[in-house]
Amino acid sequence: MLDDFLIRALLAGLGLALVTGPLGSFVVWRRMAYFGDSTAHASILGVAISLAFHMSIYLGTLSVAIAMAVLVTVLTNRGQAMDTVLGVLAHSALAFGLVAISFVPSARSDLSAFLFGDILAVQRFDLALIWAGALCVLALLCWRWQRMVTATVNEELAMAAGIDPRLERLILSLALAVVVALAIRVVGSLLISALLIVPAAAARGRVSTPEKMALLATGIAVISVASGLWASLQFDSPTGPSIVSASAVYFAIAQIFRRV
Amino acid sequence: MRGLRKGRCCVTPLIKASNLSIHRSGTTEAVLKQVDFSIRPGEIVTVVGPNGSGKSSLIRALLGHMPLASGGVARKAGLRIGYVPQKLQLDSAIPMTVRRFLSLPRRVSDSVARTALETTGVPGIEQRQLTRLSGGQFQRVLLARALLHEPDLLVLDEPTQGLDQPGIVAFYQLIEDVRQKTGAAILLVSHDLLVVMRASDRVICLNGHICCEGTPEDVSVDPAYHALFGSGARGTLALYHHHHDHDHGAVCEPKLGQGGFSVSANDTHVTEQTRA
């Protein structure tokens, strides 16, 4: 069954959808919408480092993404606004990455192949990686859920309850970095960034509690993956963009039925 | 009528801070200098002071959220604190019902949540979104949340910011009721000079250090208090007509004499009307 590339693509998308629902909800609540793009840009630097030091691309992108997450947390803890920090880091990482990659001749030829995965090209190993990463992050979120939601609602309330908001922010950033870095290589940066933001944004208008929003976002992400894959098969359209388009359609529908 | 669970003497304080100094973060500039503070079970203590006088820093230090430059804070073992923070900024991005909010970060049963909301005078609003509440309702929800785990001490940092005058008076009335019902000690930070004092057992004037301290009657005639708040402080005297046992021998003895304050019939009338 796993021999079929369509089944593998579906399973990869569903694995991501499971974790992008709750994770994407935090992205929306905390206004970290550009986190995915920043990490994607940072991955270029990761690719350059991996090639220069002859190590696995996964390892390179993952370590750069984790370094990004720590930097984001440190800078916001020092009082910088989240959108400013993400903007600064995204562009700096891209610039440093392009400079670094110019020193690695072997990488210049097909940079995009290193960076932008294709969900139809997902292999068994990628699939295992995505599901393992997704399940780990899901377990982490379940474990920290009450603390992370409290810290997101108000940091002072969290501190009064013995929660360190800076720690929760770091954990969230690391979880995001791991998921984005794993997914970029496999399904591409457009798809992972969109799967984080669009389903959560679509879910926002209809729900009363954070848990319902996370569940609805997961549901919308799952349906987007399934219907996007179906559409891509039906109309012979590129798969990643079709999935993103499907989620955008659900977002539009959600706006129509939104509770004001 | 004081509502104390135990006698005044021989009671270990809930929190005792001695010789407390705090620096502005990253500098050696003192925000608080050599402050001694303690609060006993069942007591209502109000800290007043101008902006930047270190009121919030004192609270944070007492709660253990702030590094101390010197001195120490001793909290009674197993002390449960209910905290209502200053100016809670609520972001509309996160959907949150009142009921769900009460279960953060520790989950509580429906009946506990219902009782707390009834105690603070906002029954039946469990399913409302936090962002849809009025300022007064929201403060009462925050107070209900602080009461959930049977605190020995309630700490309220400027709890009435953004409320109108009747709302402020009603909120302080509520705080007094809560003390009566639960027996919790209450530590208030406020600059609602006009109303705050009537409910307090003890008032502390803060301006980087403790300027004066004592019963509301004593403090309201203390020169240090008038130096801090100017002639506007006279209004406190006019409105203050909450008679109870005096606790003389406090740090600031009245220096201007008891004739210094009189209750204006007109002002009293206004207060009673707004409280009704």
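Residues numbered from 1 in each chain as written. Chains lettered and ligands numbered in written order. Predicted model: local features only at pLDDT ≥ 70, side-chain atom pairs only at ≥ 80, totals over all residues. Heavy atoms only, no water.

### Section: the interface of chain B and chain A
Inclusion rule: Contacts: residue pairs with any heavy atoms within 4.5 Å of one another. Put simply, buried area is how much 1.4 Å-probe accessible surface two parts lose in total, over both of them, once they are put together. We define a salt bridge as a contact between a side-chain nitrogen of Lys or Arg and a carboxyl oxygen of Asp or Glu at a distance within 4 Å.
Counting residues at the interface gives 26 residues for chain B and 24 residues for chain A. Three residues stand out in chain B for area buried against chain A, namely I94, P95 and P105 of chain B, and they jointly supply 26% of the buried area on that side. Where chain B touches chain A, the interface holds two salt bridges. Linking R60 of chain B and E156 of chain A is a salt bridge whose minimum nitrogen-to-oxygen distance equals 3.8 Å.

### Some points on the sheet that holds strand β5 (residues 81-84) of chain B
Residue and element names in this part refer to chain B. Rule in force here: For two strands to be treated as a pair, DSSP must find at least two bridges joining them. Working definition: helices are DSSP H or I runs of at least four residues, strands are E runs of at least two. Numbering for both runs from the N terminus. Helix axes use the C-alpha atoms of the stretch in contact, all axes being lines fitted to C-alpha atoms, and the angles between their N-to-C directions lie in the range 0 to 180 degrees.
Strands sit in the order β5-β6-β7-β3-β8-β9 across an open sheet of six strands; the sheet is mixed. Looking at strand neighbours, the two that pair on one side only are β5 and β9 (210-214), the edges of this open sheet. Here the strands of the sheet are splayed against their neighbours by 15° on average, with no regard to which way each runs. Note: strand β6 (residues 153-157) against strand β7 (residues 185-190), five bridges, orientation parallel. Its bridge partner lying in β7, L154 is registered against I186. Helix α1 (residues 55-63) rests against β3 (44-48), β5, β6, β7 and β8 (202-206) of the sheet, and its axis sits at about 150° to β7. Docked against the sheet, helix α5 (residues 165-182) engages β3, β6 and β7, running at close to 160° with respect to β7.

### Describing the environment of P95 of chain B
Tracing the chain through its elements places P95 of chain B in the loop between β5 and α2 (98-102). What P95 of chain B contacts, discounting residues up to four positions off in sequence, is W29, R204, V207, S208, T209, P210 and M213 of chain A together with Q129 of chain B.

### A word on the layout of surface pockets
This is how it is decided: Method remark: on a 1 Å grid restricted to protein atoms, a set of points is classed as a cavity if a 1.4 Å probe fits but cannot get out and as a pocket if it is open with protein on both sides within 12 Å along at least five of seven lines; lining residues have an atom within 4 Å of a point. Grid points are joined across faces, edges and corners, and a volume is the space filled by probe spheres set on the points. Asp, Glu, Lys and Arg are counted as charged, while Ala, Val, Leu, Ile, Met, Phe, Trp, Tyr, Cys and Pro are counted as nonpolar; the rest, among them Gly, fall into the polar class.
The space that makes up the largest pocket amounts to roughly 540 Å³. Forming the walls of the largest pocket are 22 residues, and the residues nearest its centre are A151, T152, E155 and R169 of chain A together with D91 of chain B. Breaking the lining of the largest pocket down by element, the ones donating at least two residues are α4 (82-102), α7 (124-153) and α8 (155-160) of chain A. Looking at side-chain class alone, the lining of the largest pocket contains eight nonpolar, six polar and eight charged residues.

### With respect to the packing of aromatic side chains
Each aromatic ring pair is summarised here by two numbers: the centre-to-centre distance and the angle between the ring planes. Quick reminder of the rule: Ring pairs are drawn from Phe, Tyr and Trp, using the six-membered ring of Trp, whenever the two centres fall within 6.5 Å, and their geometry is named by plane angle: stacked under 30 degrees, edge-to-face over 60, tilted for the rest. In our convention, an over-ring charge means Lys NZ or Arg CZ found within 6 Å of a ring centre and within 35 degrees of that ring's normal.
Using the criterion set out here, one finds five aromatic pairs over all chains in the structure. Ring centres 6.1 Å apart and planes at 70° place the aromatic pair Y58 of chain A and F125 of chain A in the edge-to-face group. One end of the pair, Y58 of chain A, is in helix α3 (residues 57-77); the other, F125 of chain A, is in helix α7, and 67 residues separate them in sequence. Between W230 of chain A and F235 of chain A, the ring centres sit 6.2 Å apart and the planes meet at 80°, which makes this aromatic pair edge-to-face. One aromatic cluster in this structure is built from F26, W29 and W145 of chain A. A cation over an aromatic ring shows up here: R144 of chain A above the ring of W143 of chain A, its NZ or CZ 4.7 Å from the ring centre. Between R145 of chain B and the ring centre of F101 of chain B, over which it is positioned, the NZ or CZ distance is 5.5 Å.

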